[in-house]
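# Structural description and commentary
Below, each chain spelled out in residue letters.
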Amino acid sequence: GDNYAKSLAVKIPATVREIDPVAFCFDNRLISIEVDSTNNKYSSADGVLYNKDKTELISYPAGRQNKGFVVPEQVRRICPYAFARCHNLEHVWISNSVIEIGECAFENCSQLSKVTLGKHVKVIGKGAFTETLFSKSTIGRLVLRNYHCK
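In this report, we go over the structure that sits alongside the text.

## Quick look at the sheet that holds strand E8 (residues 91-93)
Spatially, the three strands line up as an open sheet ordered E6-E8-E10, and their pairing is parallel. The open sheet has two edge strands with one neighbour each: strand E6 (68-70) and strand E10 (114-116). With strand direction ignored, the average angle separating the axes of adjacent strands in the sheet is 5°. Bridging between E6 and E8 involves three bridges; their strand directions are parallel.

Below is the structure:
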């Protein structure tokens, strides 16, 4: 059947204190993650999951249809698997506030061809761009080699 017939939006209540970083990975029906505003550990903006002060981007819903995404200015870390298998993403703008891109963060974003890296990225985790058009491109290979990223 067609997975998109059953699009999902997840609502995280105030009482949730711990979310497995890969909890929402790989589900291509998931289009939105919303967090109760009184939760003191997590938050959401525009359906994307963050820690409370939005310095960490934890999970971007894999089922979103958006072709581009701008990582908000206060994010310092993109968590491991945050964008894994987001097959609709083609371009990501990583803001200057970002210092670290976690392991496998964009793993298998099959259409991701353009990555605009902010000036302050210091660490790109292992496999962060595995199976993306970006990692197969000449510029992508050069960028990743600079960060000693496999």
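Now that the structure has been shown, the text picks up again.
## Quick word on the sheet that holds strand E3 (residues 42-45)
Sheet architecture is open: six strands sit in the order E3-E4-E5-E7-E9-E11, paired in mixed fashion. In this open sheet, the two strands that pair with only one neighbour each are E3 and strand E11 (123-124). Alignment of strand E7 (residues 77-78) against strand E9 (residues 100-101), held across two bridges, turns out to be parallel. The residue of E9 that forms the bridge with Arg 77 is Glu 100.

## Details of the environment of Leu 117
Looking at the element boundaries, Leu 117 is found in the loop between E10 and E11. For Leu 117 and Val 143, which are 26 residues apart along the polypeptide, the C-alpha to C-alpha distance reads 9.3 Å. With near-sequence residues (within four places) excluded, Leu 117 lies in contact with Ile 94, Ile 101, Ile 124, Val 143 and Tyr 147.

## Here's the deal with the side chain of Ser 32
Examined against the element boundaries, Ser 32 turns out to sit in strand E2 (residues 30-35). Accessibility expressed as a relative area gives 13% for Ser 32, which makes it buried. For Ser 32, the side chain forms a polar contact with the side chain of Glu 34, separated by 2.9 Å. Residues in contact with Ser 32, not counting those within four places in the same chain, are Leu 8, Ala 9, Val 10, Gly 47 and Pro 61.

## Overview of the pattern of salt bridges
Per the counting criterion, the structure on display carries five salt bridges. Note that Asp 46 is salt-bridged to Arg 64, the shortest N-O span being 3.4 Å. Here the residue Asp 46 occupies a position in the loop between E3 and strand E4 (48-51), and Arg 64 occupies one in the loop between strand E5 (56-59) and E6, the gap between them amounting to 18 residues. A relative accessible area of 61% means that Asp 46 is categorised as exposed. What makes Arg 64 buried here is its relative accessible area of 10%. Glu 131 is the partner of Lys 136 in a salt bridge, and the nearest nitrogen-oxygen pair spans 3.7 Å. When salt bridges with common partners are traced through the structure, they connect Glu 56, Arg 77 and Glu 100 into a single cluster.

## Some remarks on the pairing of E4
Of the two faces of E4, the one lined by Val 48 and Tyr 50 and the one lined by Leu 49 and Asn 51 are each fully buried. Inspection of the sheet shows E3 paired to E4 by four bridges, in the antiparallel sense. For Ser 43, the partnering residue across the bridge sits in E4 and is Tyr 50. In sequence, E3 turns back onto E4 through a hairpin of two residues, with Asp 46 there showing a positive phi of about 55°. In terms of strand pairing, E4 meets E5 through two bridges, oriented antiparallel. What sits directly across from Leu 49, in E5, is Ser 59. Between E4 and the antiparallel strand that follows it, E5, lie four residues; Lys 54 among them carries a positive phi value of about 60°.

Thresholds, definitions, all that
Residues numbered from 1 in each chain as written. Predicted model: local features only at pLDDT ≥ 70, side-chain atom pairs only at ≥ 80, totals over all residues. Heavy atoms only, no water. Pairing = 2+ DSSP bridges. Helix = DSSP H or I, 4+ residues; strand = E, 2+ residues; numbered from the N terminus. Axes fitted to C-alpha atoms, helices over the stretch in contact; angles between N-to-C directions. Contact = heavy atoms within 4.5 Å. Buried < 20%, exposed > 50% of the residue type's maximum accessible area, 1.4 Å probe, protein only. Polar contact = N/O pair within 3.5 Å; in protein donor to acceptor, adjacent residues only side chain to side chain. Salt bridge = Lys/Arg side-chain N within 4 Å of Asp/Glu carboxyl O.

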